[in-house]
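Here is what each chain is made of, one letter per residue.
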Amino acid sequence: LRRVVALITVLLIGALLMWAEGDIPPFGDADTPANTYVGREYVEVSEEEHHVSNVVTAVLASYRGLDTLGECTVIFTAGIAVMLLMRREGRL
Amino acid sequence: VTTDVVTRTVSRAAVPFVQLFGLYVIAHGGSSAGGGFQGGVILATSLILLIIAFDLQYLKRLATERTLIVVSAASILTYAGIGLVSLLFGANYLDYGAVPLPLPVPEVRGLMIEVIEAAIGFNVTAVMTWIVADMLTKDEENT
């Protein structure tokens, strides 16, 4: 019975995804919400504002700098968590 | 040291190239694909390759766990420190274009982006190596 339930669940989710897929805008469409407001702004001004030609890096390190600082902290916290869980040696 | 001599020799020869490529990816993040996270993982790969090919003690001669933790904490502090320095010069937190270097503002920002990328890279390297080292520490005690 579990297998049947699992199969039905998978089919249901698959059908949902297929249904939602029709709303995805065409690849590279310039008129989607993601490409019109702040995204276009970044592409247009990041070169003269930051003197780096990689827009991804400019967004990562400058426009979304606080977010990236948080990501670094997350990695550091993950390291501490692994140390707390796995260490058996006592002091460093 | 438990692995084959071929494994050890090839890894030893490959590690400098992997590290050079990792540093290249970190340093080139501003102008092409790449950046701190990717380059940091490549750098960490070279150290993990050393752990696999030799053993944990070999890595610990190069960098103890304490060193790795200090490196990763120091890089986060560098990043946060850049934010605090820009507060000092009257801008918003992490608005590092305000730091008065003898350069035009966009170039100051570009420079700071490179510093931040390097900090991210060393942080990722240290933490990845540190996680693998910690996971192996337990194993080595049981055997």
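This is a predicted model, so every value here is computed, not measured.

**Focus on the overall build of chain B**
Then, number 1: What chain B contains, in helices and strands, is 5 helices and 0 strands.
Then, number 2: A globule of 143 residues ought to have a C-alpha radius of gyration of about 15 Å, yet chain B, at 18 Å, is considerably larger.
Then, number 3: Dimensions along the principal axes, computed over C-alpha positions, put chain B at roughly 55 × 30 × 20 Å.
Then, number 4: Here chain B holds 143 residues, and 43% of them are scored as buried.
Then, number 5: Only carbon and sulfur atoms are counted for the fraction: they give 70% of the accessible area of chain B, which is about 7,100 Å².

**Structural notes on the interface of chain B and chain A**
Then, number 1: Counting residues at the interface gives 37 residues for chain B, matched by 30 residues for chain A.
Then, number 2: Both sides together, the interface formed by chain B and chain A hides about 3,000 Å², and carbon and sulfur atoms give 68% of it.
Then, number 3: Here chain B and chain A share 0 salt bridges between them.
Then, number 4: In this structure, the connection of chain B to chain A is made through 2 residue pairs in polar contact (both at pLDDT 80 or more).
Then, number 5: Sorting the residues of the side of chain B that touches chain A by element identifies α4 (65–88) and α5 (105–142) of chain B as the ones contributing at least two each.
Then, number 6: Class assignment for the residues of the side of chain B that touches chain A results in 19 nonpolar, 9 polar and 9 charged.

**Here's the deal with the nonpolar core**
Then, number 1: Ranked by size, the top nonpolar core spans 30 residues in total, and within it B:Tyr79, B:Tyr96, B:Met112, B:Ile116, B:Ile120 and B:Trp130 carry the most contacts.
Then, number 2: Where this core is concerned, the elements lending two or more residues are α4 (55–63) and α5 (65–86) of chain A together with α4 and α5 of chain B.
Then, number 3: The element contributing the most residues to this core is α5(B), with 10 residues.
Then, number 4: Core analysis: the next-biggest nonpolar cluster, separate from the first, contains 10 residues, B:Val15, B:Leu50, B:Phe54 and B:Tyr58 among them.

**Looking at a negative patch on the surface**
Residues and elements named next belong to chain A.
Then, number 1: Residues Glu 41, Glu 44, Glu 47, Glu 48 and Glu 49 make up a contiguous surface patch of negative charge.
Then, number 2: By the secondary structure assignment, Glu 41 is in helix α3 (residues 38–50).
Then, number 3: For Glu 41, a relative accessible area of 44% translates into the label partly exposed.

**Some thoughts on the side chain of A:Ser62**
Then, number 1: Assignment of secondary structure puts A:Ser62 in helix α4.
Then, number 2: In this structure A:Ser62 comes out as buried when scored by relative accessible area, which is 18%.
Then, number 3: What A:Ser62 contacts, discounting residues up to four positions off in sequence, is A:His50, A:Thr57, B:Tyr96 and B:Ile113.

**Digging into the confidence of the model for chain B**
All names here are of chain B.
Then, number 1: In this model, chain B carries an average pLDDT of 83, and 95% of its residues clear a pLDDT of 70 or more.
Then, number 2: By mean pLDDT, helix α3 (residues 56–62) is the weakest element of chain B at 79, and helix α1 (residues 5–27) is the strongest at 90.
Then, number 3: If you check the scores for this complex, the pTM reads 0.79 and the ipTM reads 0.79.

**A short note on the confidence of the model for chain A**
Then, number 1: The predicted model of chain A averages 82 in pLDDT, with 95% of residues at 70 or higher.
Then, number 2: Ranking the elements of chain A by mean pLDDT puts helix α2 (residues 33–36) of chain A last with 74 and helix α1 (residues 2–21) of chain A first with 93.

**A word on the environment of A:Trp19**
Then, number 1: Structurally, A:Trp19 is set in helix α1.
Then, number 2: Considered as a pair, A:Trp19 and A:Glu41 are 22 residues apart in the sequence and their alpha carbons are 32 Å apart.

**Re a nonpolar patch on the surface**
Then, number 1: A contiguous nonpolar patch, built from A:Leu66, B:Leu84, B:Leu87 and B:Tyr93 and spanning about 390 Å² of accessible area, is present on the exposed surface.
Then, number 2: You can see B:Tyr93 is positioned in the loop between α4 and α5.

**Details of the packing of α1(B) against helix α2 (residues 36–53) of chain B**
Helices that pack against each other are described as a pair by the angle of their axes relative to one another and the distance between those axes.
Residues and elements named next belong to chain B.
Then, number 1: The interhelical angle for the contact between α1 and α2, taken along N-to-C directions, is 165°, at an axis separation of 8 Å. When the interaxial angle is binned, α1 and α2 end up roughly antiparallel. Crossing geometry of α1 relative to α2 is assigned as left-handed. Contacts between α1 and α2 involve Thr 7, Arg 8, Ser 11, Arg 12, Val 15, Val 18, Gln 19, Phe 21, Gly 22, Leu 23, Val 25 and Ile 26 from the first element and Gly 36, Gln 38, Gly 39, Gly 40, Ile 42, Leu 43, Ser 46, Leu 47, Leu 49, Leu 50 and Ala 53 from the second.
Then, number 2: Taken together, the residues of the contact of α1 with α2 sort by class into 12 nonpolar, 9 polar and 2 charged.

What counts and how
- Residues numbered from 1 in each chain as written.
- Chains lettered and ligands numbered in written order.
- Predicted model: local features only at pLDDT ≥ 70, side-chain atom pairs only at ≥ 80, totals over all residues.
- Heavy atoms only, no water.
- Helix = DSSP H or I, 4+ residues; strand = E, 2+ residues; numbered from the N terminus.
- Rg over C-alpha atoms; globule rule 2.2 N^0.38 Å.
- Buried < 20%, exposed > 50% of the residue type's maximum accessible area, 1.4 Å probe, protein only.
- Areas by Shrake-Rupley, 256 points an atom, 1.4 Å probe, with all protein chains shown as cover.
- Contact = heavy atoms within 4.5 Å.
- Buried area = accessible area lost by both parts, 1.4 Å probe.
- Salt bridge = Lys/Arg side-chain N within 4 Å of Asp/Glu carboxyl O.
- Polar contact = N/O pair within 3.5 Å; in protein donor to acceptor, adjacent residues only side chain to side chain.
- Nonpolar A, V, L, I, M, F, W, Y, C, P; charged D, E, K, R; others polar.
- Core = buried A, V, L, I, M, F, W, Y, C linked by side-chain atoms within 4.5 Å.
- Patch = residues over 30% accessible without salt bridge, like charges linked within 9 Å, V, L, I, M, F, W, Y side chains within 5 Å.
- Lys, Arg positive; Asp, Glu negative; His and termini not counted.
- Charge placed at Lys NZ, Arg CZ, Asp CG, Glu CD.
- pLDDT = per-residue confidence, 0-100.
- Axes fitted to C-alpha atoms, helices over the stretch in contact; angles between N-to-C directions.
- Parallel < 35°, antiparallel > 145°, perpendicular 65-115°, else oblique.
- Left-handed = near helix turned anticlockwise from the far one by under 90°.

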